Amino acid sequence: MLPKTVQDQCDDTCNGTSNIDVLKDQLINDQTVNGLAEVFKALGDPTRLKIIHTLLNKELCVQDIVQILGMGQSAVSHQLRYLRNLRIVKRRKVGKTVYYSLDDEHIEQIFVQMLQHVKHS
């Protein structure tokens, strides 16, 4: 007979958590989970992360972002529209010029925290 692994021993001795019903009641609902997943999906794209990074300190027009990233205007506009639909960025129109900025400080905080985490590794 083979010796028991740590996992086997845990399975033999674990009786579960006594407050499992409380934890189940505190679980976030599906709508919130799906919204959160969409934001993390958006943050999983390198181009969108570059756009967010460029907007950390300053509102920029589409043409500025195009020049900074070295991408086509259509591709940048597509990504900005995706980010705007998720309320990650917001826009302000002055005449024919559209300026973009981060929607709120939560996005900035998430980005800065993750950047620090990656640089710390």
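Per chain, residues are indexed from 1 in the order of the written sequence. Per-residue local features of the predicted model are confined to residues with pLDDT of at least 70, and side-chain atom pairs are confined, for both listing and counting, to 80 or more; whole-chain, interface and lining totals are unaffected and use all residues. Excluding hydrogens and water, the side-chain figures rest on all heavy atoms present in the structure.

## What to know about the packing of helix α4 (residues 46–54) against helix α5 (residues 62–69)
No. 1: The interhelical angle for the contact between α4 and α5, taken along N-to-C directions, is 120 degrees, at an axis separation of 11 Å. In this view, α4 runs oblique relative to α5, as classed from their interaxial angle. The crossing of α4 and α5 is right-handed. Between α4 and α5, the contacting residues are Lys-50, Ile-51 and Thr-54 on the first element and Ile-65, Ile-68 and Leu-69 on the second. Angles run from 0 to 180 degrees between N-to-C directions of axes, and those axes are lines fitted to C-alpha atoms, restricted for helices to the stretch in contact. Helix and strand assignments come from DSSP, with helices taken as H or I runs of at least 4 residues and strands as E runs of at least 2, each series counted from the N terminus. Angles below 35 degrees are treated as roughly parallel, those above 145 as roughly antiparallel, those between 65 and 115 as roughly perpendicular, and all remaining angles as oblique. Left-handed describes a crossing in which the near helix is turned anticlockwise from the far one by less than a right angle; the clockwise case is right-handed. In this analysis, two residues are considered to be in contact whenever any of their non-hydrogen atoms come within 4.5 Å of each other.

## Overview of the nonpolar core
No. 1: For our purposes a nonpolar core is just a set of buried Ala, Val, Leu, Ile, Met, Phe, Trp, Tyr and Cys residues, chained together by side-chain atoms within 4.5 Å. Only protein chains enter the area calculation, which uses a 1.4 Å probe; residues under 20% of their type maximum are buried, those over 50% are exposed, and those in between are partly exposed. Among the nonpolar cores identified, the biggest contains 22 residues, and Ile-52, Leu-55, Ile-65, Ile-88 and Tyr-100 are the most heavily contacted of them.
No. 2: The set of elements that each furnish at least two residues to this core consists of α3 (30–42), α4, α5, α6 (73–85), β3 (97–102) and α7 (105–120).
No. 3: With 4 residues, the single largest contributor to this core is α5.
No. 4: For Ile-52, the contacting residues outside a window of four places in its chain are Leu-43, Leu-83, Ile-88, Leu-102, Ile-107 and Phe-111.

## As for the pairing of strand β2 (residues 89–94)
For a regular strand, side chains alternate in direction, first toward one face of the sheet and then toward the other.
No. 1: With 6 bridges joining them, β2 and β3 adopt antiparallel strand pairing. When the bridges of β3 are listed, Val-89 appears paired with Leu-102.
No. 2: In this scheme, strands are said to pair when DSSP sees at least two bridges between them. Between β2 and the antiparallel strand that follows it, β3, lie 2 residues; Gly-95 among them carries a positive phi value of about 65 degrees.

## What to know about α7
No. 1: Look at α7: 22 Å from first C-alpha to last across 16 residues, which is about the 22 Å you get at 1.5 Å a residue.
No. 2: As used in this structure description, the phrase polar contact means that two N or O atoms lie within 3.5 Å; if the pair is within protein, one of them must be able to donate a hydrogen and the other to accept it, and residues adjacent in sequence are counted only when both atoms belong to side chains. Put simply, Asp-104 is the residue that caps the front of α7, since its side-chain oxygen is 2.9 Å from the backbone nitrogen of His-106. What a helix should span is 1.5 Å times the count of its residues minus one.

## Digging into unusual backbone geometry
As a rule of thumb, non-glycine residues mostly have phi less than zero, and peptide bonds are mostly trans rather than cis.
No. 1: Residues other than glycine seldom take positive phi values, yet Arg-87 does so here, at roughly 60 degrees.
No. 2: Looking at the secondary structure, you find Arg-87 in the loop between α6 and β2.
No. 3: Residue classification places Arg-87 among the exposed positions, given a relative accessible area of 62%.

## Focus on α4
No. 1: Within the span of α4, buried status applies to Arg-48, Ile-51, Ile-52 and Thr-54. The buried side chains of α4 occupy one side of the element, clustering within an arc of 165 degrees when seen end-on. Turned more than 90 degrees off the buried face of α4, the exposed positions are Pro-46 and Lys-50.
No. 2: Buried residues along α4 sit in contact with α3, β1 (60–61), α5, α6, β3 and α7.
No. 3: Structurally, the start of α4 carries an N-cap: the backbone nitrogen of Thr-47 is 3.1 Å from a side-chain oxygen of Asp-45. Directions from the helix axis toward the C-beta atoms define the arc.

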